[in-house]
Amino acid sequence: MYALWVGLVVVVYVAVPAIGPLTYGVMVLTAFVSIMVGVRRNRPRRRLPWYLFAGGQLSFAVGTVTSLVLAEMLHRRAFPSVADAIFLGMFVPLSLLALRQLIRSGATVRDRASMLDAMILTAGAGLLSWTFLISPYLENPNLTLVEKAISVAYPLYDVLFLALLVRFAIGTARSPSVNLLLISGIGMLTADALYGLSQLNGAWALGGPIDLGWFLYFIAGGAAALPRSMTALTEPRVVLAPTEVHARRLVLGVASLVAPTILFFQALHGPVQDGLVIAIGSAVLVLLALARMSVVAGGLRRTLNRERELRRACEALLAATNAGEVRDVVHRAIATLLPPDTPHRAVLLLEGPETRDEQPANVSMRYTRSLPASAAAALGSFELTLHCPLSLGDRYVGDLYVAAAEAPLVDLQEAAPVLVGQAASILSTFALNREINRRDSEAYFRTLILNATDVILIVDAGGTVKYASPSAQVVFGTDDLADVDVTTLVAPDLRAVLTGDLTPEDADATGDQQWIVQRPDGTRVEVEMTVRDLRHEPTVDGLVLTLRDVTERRRLERELLRRAYIDPLTGLGNRLQFQDTVRNACVDAEASGTVAGVLLVNMDDFRLVNDTMGHDMGDALLIAIAERLADGVAGHGPVARLGADEFGTIVTGAAGVDEIEVIVERVITAFLDPFLIAGSSVTAQPTIGVSTTADATDSQQLISQADVALGAAKGAGKARWRRYEASLHAAVLQRMQLRAELDQAIADNAFTLHYQPIVDLATARVRGLEALVRWQHPTRGTVPPLEFIQVAEECGLIVPLGEWVMRTSIETAARWYHRFAADPPYISVNVSVRQFRAPGFVNRVLATLTRSGLPPRLLTVEITESLLLGDHESIGADIAVLRQAGVKVSIDDFGTGYSSLSYLHRVPVDTLKLDKSFVDTISTSAHQLDLVRGIIQLAATLRLSVVAEGIETAADQQLLVESGCAYGQGYLFARPLPGDQVDAWLDAQVGQPDRVGTPAA
């Protein structure tokens, strides 16, 4: 369409000279619109050169039209005129700037050689212009100085334009837009030259053939902006189309011969007129030629430096052993190949589906934003990146991206492909070496496996055998194991365990496993097996089972174990071995003059673990205890298991008793941390009895004394230790005597009950009384309950004693019920674990209530937390029967035992009794007060009432009331009262009106 239109305009211009100026204007407007449309449609990277070019064309047209108007219409002298000002002031700078911007806009090769070539050609053209155009104007006597200057300015412009045009032609790759721009410039230069010559002869007129050159300038210039290739003129380009070297040499040779040619013709036709200019031109051409040779030499030096750096990089690549080292070498080489201190980023991405760049496999200049995300993120804010793909033949290896300014990337364009080619070769060598090593390793290990005595099986995640080594014939009785389920190879009674052991998640954590393989003939073979998860290895892709026949070894081990003194659970020595060890230690101590000691260790409340968590957990705990005990006395003597939860150890070679006591303290400390058993935290504390050869003469006496010390330690509480002393023997005798006297006291009804009131804290009105047993010994006086209650628990007398307390308390409460019928107090009775678990306990309580006539609601049974940790199903059932009958159940000393929210939710109770240890410091410790408040709030959430024990001050009472505690007991209200004083006290209390905050007398 553009070609048809401009062709029509040219035809009209030639055929109808009368409208020549109008046609000329249409042509200029067409070219201008074409450039603007091309810029808008193609969106080049830089638009300024095209806007300058369009402005130059428009200003050329304006100057031409102005000149025609002055000459043809106004009949004024057209030289010099406003048109010359437009030409020289607008067209000349705009056209020169446009061409200069096009040269500088793209990332072209800006080397001095191309610039000097253009200058040589320009110098030759300048001599011609001087000879044929500039000199005639200067020598014309009819021209003023201004006219001469303006006349000379035009050919000088043509010389400058020619220099830029040559520079543009040399440094730009050929494309439709480039060719059209060159045609446009040549047309303009040709028309200007012919116009200048015709002006000298006075023969130029509008509509002549010279105008076709300017038409070509407009037409080709407008057409150059329309193709898509116009954007390439301002796009970054590193790799250019090859330049015609021979044609360039020919042109430069002709330009170099201009001066001697002019000199020859002037000398041939007469005197030489421009000798000085020719001499200066010749000197300039010689200097330019020398400069050109210097540039060639400098380029050679740069090439040698680049080759040296590349050679060093290649040597470093040859020394690299992995891809990481190759990457480091490439990065260092890029830094040395670029000009010093050039800001840049280099990224070498090796082959991978996430990094594969699908761009063409040639070196190219690209915008950083168009690169793969992984590369663009690493290259920072640089606009341009040199992309060099790494490949070896048809095999893609990776991509090298170098981001920097345009000019440094131009210098790197030739060296980078060489560098990445070497890197690709080295990386391919790595891959080849890995493949060779893999094959060699496969052959090596195949030989090992084929000749190994151990059986190697490879099974998939489902347990199917994928490979079996030849030695499988010996162990399994057959070598046909392919596609066999591995569980069918094991004895039927072990297959379930095997399935669990082969779970892929546990494959690398199972360690050595013991299997029993059942052969086709029914015989069994014991094997030791290890599992390794190699599913992540492509060459294996499965679980590797290594099996070794250990049948004979296991038989010998079992035989030895039967003959040894080994505890089967813990692996420690048993009691017989312990006795032998003690005997030998006594002999050695006497011979060496050192002290030996025996430690008898009993674990507190171990039975609770068995009852609450099961015997498996108990066994696991015993094993862990044995290990920790062995660690505690490591290096001082062996450890043995003497019974269910009793251990013994012998300490030898001690310098004195103090050293043994230090070891005992170490053992106690070792058990402060809880045990982690099957994901549960279990606390186990030891009680230890100690004896030494300083007090015993033989092994039997040593063990006996340690047993006495152990009993004393148990009597002192939990997690204690005692060393045997003579006084302990007396204490044991006294304890045995107390047990006998306690039995007689129960038979003689020698016990009495005291009662401590339980009051409403808000009103201080009595709500109930707690029954407390007292023993007034005929010779010992008052025996503390802590002493005889514990003895009663140990010997089982707590059951008949508790029955007497329950019966007497109910009968007393029945009397109060009839006496204070309007508001009778309830009776609270403590029941031990052993008593509660005694057969028929619940029935006896209910029968006593029926016989005495006391309503069940006036009886509260106080139990301890430890009761709820036993057989909670039967205990819960008994508690439910009591509560269904109306009896209330209270948990005594809450928080001092095995407190657990689970049993509060699981076992229904009515009341929590807050132990005195919680109440003692609530007025002085904010932390303790917050703890008490938390317990009270917890009870309120579970709809349980709270009774606080041990209240001794009005401040404690007030704090408890404010915290929401309803009931309490303590010395603030009344001490425990003998039975014969309770009636009078109740008369005084029940008969009084409510009194808030007033302590009882």
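So, how was this worked out
- Residues numbered from 1 in each chain as written.
- Predicted model: local features only at pLDDT ≥ 70, side-chain atom pairs only at ≥ 80, totals over all residues.
- Heavy atoms only, no water.
- Helix = DSSP H or I, 4+ residues; strand = E, 2+ residues; numbered from the N terminus.
- Buried < 20%, exposed > 50% of the residue type's maximum accessible area, 1.4 Å probe, protein only.
- Contact = heavy atoms within 4.5 Å.
- Areas by Shrake-Rupley, 256 points an atom, 1.4 Å probe, with all protein chains shown as cover.
- Polar contact = N/O pair within 3.5 Å; in protein donor to acceptor, adjacent residues only side chain to side chain.
- Pairing = 2+ DSSP bridges.
- Axes fitted to C-alpha atoms, helices over the stretch in contact; angles between N-to-C directions.
- Core = buried A, V, L, I, M, F, W, Y, C linked by side-chain atoms within 4.5 Å.
- Phe/Tyr/Trp six-rings, centres within 6.5 Å; stacked < 30°, edge-to-face > 60°.
- Lys NZ or Arg CZ within 6 Å of the ring centre and 35° of its normal.
- Parallel < 35°, antiparallel > 145°, perpendicular 65-115°, else oblique.
- Left-handed = near helix turned anticlockwise from the far one by under 90°.
- Nonpolar A, V, L, I, M, F, W, Y, C, P; charged D, E, K, R; others polar.
- UniProt positions renumbered as here; feature names shortened; annotations may be inferred.
- 1 Å grid on protein atoms, 1.4 Å probe; cavity = no way out; pocket = protein on both sides within 12 Å on 5 of 7 lines; lining within 4 Å.
- Points joined across faces, edges and corners; volume = space filled by probe spheres on them.

Side note on the overall build of the chain
Inference 1: The helix and strand inventory of the chain stands at 35 helices and 26 strands.
Inference 2: By the burial criterion, 45% of the 1001 residues in the chain qualify as buried.
Inference 3: Excluding contacts between residues fewer than 6 apart, the proportion of contacts in the chain whose partners are at least 24 apart in sequence is 66%.
Inference 4: When the accessible surface of the chain is summed, it comes to about 49300 Å², and 59% of that surface belongs to carbon and sulfur atoms.

Quick word on the side chain of Thr 368
Inference 1: Positionally, Thr 368 belongs in the loop between β2 (364–367) and α13 (373–379).
Inference 2: At a separation of 2.8 Å, a polar atom in the side chain of Thr 368 contacts the side chain of Thr 385.
Inference 3: Non-local contacts of Thr 368, meaning those with residues more than four positions away in its chain, are made with Ala 376, Leu 379, Gly 380, Phe 382, Glu 383, Leu 384 and Thr 385.

Quick notes on the sheet that holds strand β11 (residues 639–641)
Inference 1: With mixed pairing, the 5 strands of this open sheet are ordered in space as β11-β12-β10-β15-β16. Where the open sheet ends on each side, the last strands, each with one partner, are β11 and β16 (721–723). The mean inter-strand angle of the sheet, taken between neighbouring strand axes irrespective of direction, is 20°.
Inference 2: Sheet topology note: the strand β10 (residues 595–603)/strand β15 (residues 686–692) ladder contains 7 bridges and is antiparallel. By the bridge assignment for β15, Gly 597 is matched with Thr 692.

Some details on the environment of Ala 624
Inference 1: As for its position among the elements, Ala 624 is in helix α21 (residues 615–632).
Inference 2: A relative accessible area of 14% places Ala 624 in the buried class.
Inference 3: As for Ala 624 and Phe 675, which are separated by 51 residues in sequence, their C-alpha atoms are 7.4 Å apart.
Inference 4: Setting aside residues no more than four positions away along its own chain, Ala 624 makes contact with Phe 675 and Ile 677.

Concerning the sheet that holds strand β5 (residues 455–459)
Inference 1: Spatially, the 5 strands line up as an open sheet ordered β6-β5-β9-β8-β7, and their pairing is antiparallel. Edge positions in the sheet fall to β6 (465–468) and β7 (513–518), since each has one partner strand and no second. Averaged over all neighbouring strand pairs, the angle between strand axes comes to 30°, with direction disregarded.
Inference 2: Sheet topology places β5 next to strand β9 (residues 543–549); 5 bridges connect them, and they run antiparallel. When the sheet's bridge partners are listed, Val 459 is paired in β9 with Leu 543.

Considering the environment of Thr 478
Inference 1: Note on placement: Thr 478 falls in the loop between α16 (472–476) and α17 (495–501).
Inference 2: For Thr 478, a relative accessible area of 23% translates into the label partly exposed.
Inference 3: Thr 478 sits 42 residues away from Pro 520 along the chain, and the two C-alpha atoms are 8.1 Å apart.
Inference 4: Aside from chain neighbours lying at most four places away, what touches Thr 478 is Ala 472 and Gln 473.
Inference 5: Within the structure, Thr 478 has its side chain in polar contact with the backbone nitrogen of Asp 480 (distance 3.2 Å).

Quick word on the nonpolar core
Inference 1: Membership of the largest hydrophobic core comes to 79 residues, with the highest contact counts inside it found for Phe 751, Met 806, Trp 816, Ile 827, Phe 836, Leu 859 and Leu 960.
Inference 2: Here the element with the most residues in this core is helix α26 (residues 798–819); it accounts for 9 residues.
Inference 3: Excluding anything up to four places from it in sequence, Ile 827 contacts Tyr 755, Leu 769, Ala 771, Ser 809, Ala 813, Trp 816, Leu 854, Leu 858, Leu 859 and Thr 860.
Inference 4: Within the second largest apolar cluster, 48 residues are counted, among which are Val 6, Ala 83, Leu 96 and Phe 168.

Some thoughts on the packing of aromatic side chains
Inference 1: This structure, assessed with the given rule, holds 6 aromatic pairs.
Inference 2: A centroid spacing of 6.2 Å and a plane angle of 80° characterise the contact between Phe 53 and Tyr 217, whose relative ring orientation is edge-to-face. Within this pair, whereas Phe 53 is found in helix α3 (residues 48–73), its partner Tyr 217 is found in helix α8 (residues 211–224), the two being separated by 164 residues in sequence. In terms of burial, Phe 53 and Tyr 217 fall into one category: buried.
Inference 3: Seen from their ring centres, Phe 751 and Trp 775 are 5.6 Å apart, and the 45° between their planes marks the pair as tilted. On the criterion of sequence distance, the pair formed by Phe 751 in strand β17 (residues 751–760) and Trp 775 in strand β18 (residues 766–777) is long-range, its members being 24 residues apart.
Inference 4: Its relative accessible area of 1% is what places Trp 775 among the buried residues.
Inference 5: Joined through ring pairs, the aromatic side chains of Phe 53, Tyr 217 and Phe 218 make up one cluster.
Inference 6: Across the ring face of Tyr 971, the terminal group of Arg 975 is positioned such that the distance to the ring centre comes to 4.0 Å.

What to know about the packing of α26 against helix α35 (residues 979–990)
Inference 1: Two elements in contact, α26 and α35, have axes separated by 12 Å at closest approach and are oriented at 30°. Comparing their axes, α35 and α26 come out roughly parallel. Crossing geometry of α26 relative to α35 is assigned as right-handed. Here Arg 815, Trp 816 and Arg 819 of α26 come into contact with α35, specifically with Val 982, Asp 983, Leu 986 and Asp 987.
Inference 2: Classifying every residue of the contact of α26 with α35 by side-chain character gives 3 nonpolar, no polar and 4 charged.

A short note on the pairing of β18
Inference 1: In terms of burial, β18 is a largely internal element, 9 of the 12 residues being buried.
Inference 2: When β17 meets β18, the two strands line up antiparallel, connected through 9 bridges. From the neighbouring strand, His 754 faces β18, where its bridge partner is Leu 772.
Inference 3: Hairpin geometry of β17 and β18 is characterised by an intervening segment of 5 residues between the two adjacent antiparallel strands and by a positive phi of about 65° at Ala 764.
Inference 4: Inspection of the sheet shows β18 paired to strand β20 (residues 826–830) by 4 bridges, in the parallel sense. In the sheet register, Leu 769 faces β20, and the bridge partner there is Ile 827.
Inference 5: As paired strands, β18 and strand β19 (residues 781–783) are joined by 3 bridges and run antiparallel to one another. Bridge pairing in β19 links Trp 775 to Val 783.
Inference 6: Once β18 ends, the chain turns through 3 residues before running back antiparallel as β19.

As for the UniProt feature "domain: PAS" (unreviewed entry) in the chain
Inference 1: Feature annotation in UniProt assigns "domain: PAS" (unreviewed entry) to the following positions: residues 441–477.
Inference 2: As a span, residues 441–477 carries 43% helix and 24% strand, and end to end its C-alpha atoms are 30 Å apart.

Considering empty space enclosed by the protein
Inference 1: By the definition in use, this model includes 2 cavities of 30 Å³ or more.
Inference 2: Roughly 80 Å³ of volume is contained in the largest cavity.
Inference 3: Every residue along the wall of the largest cavity is listed here: Phe 53, Ser 95, Ala 98, Leu 99, Leu 102, Phe 161, Leu 165, Leu 181, Ser 184, Gly 185 and Tyr 217.
Inference 4: Counting residues per element, the lining of the largest cavity draws most heavily on helix α4 (residues 82–105), which supplies 4 residues.
Inference 5: In the lining of the largest cavity, the residues fall into 8 nonpolar, 3 polar and no charged.

With respect to the packing of α26 against helix α28 (residues 841–852)
Inference 1: One can describe the packing of α26 onto α28 by two numbers: an axis separation of 9 Å at closest approach and a directional angle of 25°. In terms of axis orientation, α26 runs roughly parallel to α28. The interaxial crossing formed by α26 with α28 has right-handed handedness. From α26, Glu 803, Met 806, Arg 807, Ile 810 and Ala 814 reach across to α28, where they touch Phe 841, Arg 844, Val 845, Thr 848, Leu 849 and Ser 852.
Inference 2: A per-class count over the contact of α26 with α28 returns 6 nonpolar, 2 polar and 3 charged.

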